[in-house]
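Fold and geometry: a report
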Number of protein chains: 2
Amino acid sequence: MEDRIDRIKKQLHTAGYKLTPQREATVRVLLEHEEDHLSAEDVYLLVKEKSPEIGLATVYRTLELLTELKIVDKINFGDGVSRYDLRKEGAAHFHHHLVCIECGSVAEIQEDLLEEVEEIVERDWKFKIKDHRLTFHGICYRCQQKHAEEQNQKE
Amino acid sequence: MEDRIDRIKKQLHTAGYKLTPQREATVRVLLEHEEDHLSAEDVYLLVKEKSPEIGLATVYRTLELLTELKIVDKINFGDGVSRYDLRKEGAAHFHHHLVCIECGSVAEIQEDLLEEVEEIVERDWKFKIKDHRLTFHGICYRCQQKHAEEQNQKE
DNA sequence: TTATTATATAATAATCATTTTCGTTCTTTT
DNA sequence: AAAAGAACGAAAATGATTATTATATAATAA
């Protein structure tokens, strides 16, 4: 945890920014919720628990800064709010998501899986790929199970 | 064009809705701009040219309805506005996009390209895929050429 | 150490896309 | 024709995000 923050501190310094207490508090919240997909408001409320004097605008500014530096990724699942994900260290590319259209759960896929597809796109469309966003919409395992149970009860 | 509208009319009827003049005008605009990625505001302004009495809320309502019926797809490129794409007839899946991070142009890829990836995801994550969103961020051919020219001039 | 400058902040107001409300109109049903 | 329902336009409301402004903090120069 601490060493992770140290490295982020260095990244900020390299880019000419400082790790202020507010920024550190924000990063800590993101680290403690790596599995979740927090909105700016979510982050704000969580940071506020530890540092009540922080302002919402500061959280927005910090998240924007971290996004610029590619420390976090900004995602949009179409529900009207942007969500922020800490990028896995060493990850060159953005990870993928599985969004369940029934329960709304969001799972992550760290594997790349797109190497071949990207080769084809770069070749056939002469497009130099820098990053990607891939989200699958469907039904998660848990919800599939629920359906199976319901079927069994009917029979 | 007309037969396309007829089929959309049928789709609406099947779902218990009517193709009102406002809805038809909106669909026509979408048909006439299939290549573009119009925002609700864009659609509104274009519909207004032909049907000046239409209201913005109606356009929003219509686009939402068409999205529900999977006649159009709602996309979000992260610029703060939702964009609406008429879904290609017979297309089971949402098409992909190439967004140029320099000039902002958006190209479409109709090919699926994800069959294999989806097989892997369904098998390994036990996730039943219903649809997908894939966007590549990078540099389009035109912008790459510009860079090459600049390089040549320096030499 | 003090003065100067730049940077970051909190609080608030402003903005912009989208949604809701509400009174009206147009259809369909009775 | 009356009643009920769907769809509409205009305007108000909402909610996420951004800009403003005055204040504080840190970095640097004197």
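Residues numbered from 1 in each chain as written. Chains lettered and ligands numbered in written order. Predicted model: local features only at pLDDT ≥ 70, side-chain atom pairs only at ≥ 80, totals over all residues. Heavy atoms only, no water.

**Digging into the pattern of salt bridges**
All names here are of chain B. Put simply, the rule is: For this document, the term salt bridge refers to a Lys or Arg side-chain nitrogen within 4 Å of an Asp or Glu carboxyl oxygen. Counting from the N terminus, the helices are DSSP H or I runs at least four residues long and the strands are E runs at least two residues long. In this scheme, a residue with accessible area under 20% of its type's maximum is buried, one over 50% is exposed, and one in between is partly exposed, where area comes from a 1.4 Å probe on protein chains only.
Overall, the coordinates contain 26 salt bridges over all chains when judged by the stated rule. Residue Arg7 pairs with Glu89 through a salt bridge whose shortest N-O separation is 2.5 Å. On the criterion of sequence distance, the pair formed by Arg7 in helix H1 (residues 2-14) and Glu89 in the loop between strand S3 (82-86) and strand S4 (96-100) is long-range, its members being 82 residues apart. Judged by its relative accessible area of 44%, Glu89 is partly exposed. Asp131 is the salt-bridge partner of Arg87, the closest N and O atoms lying 3.1 Å from each other. With Arg87 in the loop between S3 and S4 and Asp131 in strand S6 (residues 128-139), the pair connects residues that are 44 residues apart, well separated along the chain.

**With respect to the packing of helix H2 (residues 21-32) of chain B against helix H4 (residues 56-68) of chain B**
How two helices sit against one another is set out by the angle between their axes and by the gap between those axes. Residue and element names in this part refer to chain B. Spelled out, the test is: To get an axis, a line is fitted to the C-alpha atoms, and for a helix only the part in contact is used. The angle between two axes follows their N-to-C directions and goes from 0 to 180 degrees. We call two directions roughly parallel when the angle between them is under 35 degrees, roughly antiparallel when it is over 145, roughly perpendicular when it lies between 65 and 115, and oblique otherwise. The contact rule is simple, with two residues in contact once any of their heavy atoms fall within 4.5 Å. Under the grouping applied here, Gly and all other residues not named as nonpolar or charged are polar, the nonpolar ones being Ala, Val, Leu, Ile, Met, Phe, Trp, Tyr, Cys and Pro and the charged ones Asp, Glu, Lys and Arg.
The contact between H2 and H4 brings their axes to 10 Å, and the two run at 70 degrees. Considering their axes alone, H2 and H4 lie roughly perpendicular with respect to each other. Listed contacts from H4 to Gln22, Arg23, Thr26, Val27 and Leu30 of H2 are Thr58, Thr62, Leu63, Leu65 and Leu66. Tallied by class, the residues present in the contact of H2 with H4 amount to 5 nonpolar, 4 polar and 1 charged.

**A word on the interface of chain B and chain A**
How big an interface is tends to be reported as the loss of accessible area on association of its parts. This is how it is decided: Accessible surface is computed with a 1.4 Å probe, and the buried area is the amount of it that two parts give up when combined, taken over both parts together. We define a polar contact as two N or O atoms separated by no more than 3.5 Å, with the added condition that, inside protein, one atom must be a possible hydrogen donor and the other a possible acceptor, whereas residues neighbouring each other in sequence contribute only through side-chain atom pairs. At least two DSSP bridges between two strands are needed for those strands to be called paired.
Facing 33 residues of chain B, the contacting portion of chain A comprises 33 residues. Summing the contributions of chain B and of chain A, the shared interface buries around 2,900 Å²; its carbon and sulfur component is 73%. Linking chain B with chain A are 0 salt bridges. Where chain B meets chain A, there are 10 residue pairs in polar contact (both at pLDDT 80 or more). If you list the elements that add at least two residues to the side of chain B that touches chain A, you get S4, strand S5 (106-109), helix H5 (115-125), S6 and helix H6 (141-154) of chain B. Across the side of chain B that touches chain A, the residue classes break down as 18 nonpolar, 6 polar and 9 charged. Bridge count between strand S6 (residues 128-139) of chain A and S6 of chain B: 11 bridges; the pairing is antiparallel. Within S6 of chain B, the position partnered with Gly138 of chain A by the bridge is Ile129 of chain B.

**Observations regarding the protein's contact with DNA strand C**
As a reminder, the rule being used: Any residue with a heavy atom positioned within 4 Å of a molecule or strand is treated as near that molecule or strand.
Around DNA strand C sit 17 residues in total, of which Thr20, Gln22 and Thr58 of chain A together with Tyr60 and Ser82 of chain B are the nearest. In DNA strand C, atoms within 4 Å of the protein come from the sugar-phosphate backbone in 78% of cases. In this structure, a phosphate oxygen belonging to DNA strand C sits 2.4 Å away from a side-chain N or O atom of Thr20 of chain A. Here Gln22 of chain A contributes a side-chain N or O atom positioned 2.8 Å from a sugar or linking oxygen of DNA strand C. Sorting the residues of the surface near DNA strand C by element identifies helix H2 (21-32) and helix H4 (56-68) of chain A together with H4 of chain B as the ones contributing at least two each.

**Topic: helix H3 (residues 40-50) of chain B**
For clarity, the threshold we go by: This arc corresponds to the set of directions leading from the helix axis out to the C-beta atoms.
Within the span of H3 of chain B, buried status applies to Ala40, Val43, Tyr44 and Val47 of chain B. The buried residues of H3 of chain B occupy an angular sector of 100 degrees when projected down its axis, which confines them to one face.

**Considerations on the domain arrangement of chain A**
All names here are of chain A. Counted only if it meets this: For each domain, the first and last residues come from an automatic or database assignment.
For chain A, the assigned domains read domain 1 (1-90) and domain 2 (92-155). The straight-line distance from the C-alpha centre of domain 1 to that of domain 2 is 25 Å. When the two sides are added together, the surface that domain 1 and domain 2 hide from each other amounts to roughly 900 Å², 48% of it contributed by carbon and sulfur. Taken together, the connections running from domain 1 to domain 2 amount to 2 salt bridges. For Asp73, the salt bridge is made with Arg133, and the minimal N-O distance between the two is 3.7 Å.

**Considerations on the protein's contact with DNA strand D**
Neighbouring residues of DNA strand D: 18 residues in total, closest Tyr60 of chain A together with Thr20, Gln22, Thr58 and Arg61 of chain B. Sugar plus phosphate: this is where 71% of the atoms of DNA strand D within 4 Å of the protein reside. One nitrogen or oxygen atom from the side chain of Arg61 of chain B is found 2.9 Å from a base nitrogen belonging to DNA strand D. If you list the elements that add at least two residues to the surface near DNA strand D, you get H4 of chain A together with H2 and H4 of chain B.

**Quick notes on the relation of the copies chain B and chain A**
The two chain copies are connected by a rotation around an axis plus a translation along it. The cut-off we apply is this: Residues reaching a pLDDT of at least 70 in both copies supply the C-alpha atoms on which the copies are superposed by least squares.
With an RMSD of 0.2 Å, the operation that places chain B on chain A is a rotation of 179 degrees combined with a shift of 0.1 Å along the axis. Taken together, the rotation and translation describe the operation of a two-fold axis. Considering only C-alpha atoms, the part of chain B nearest the rotation axis is Leu134 of chain B, at 2.2 Å. The fraction of interface residues of chain B whose copies in chain A are also interface residues reaches 100%, indicating that both copies meet through the same surface.

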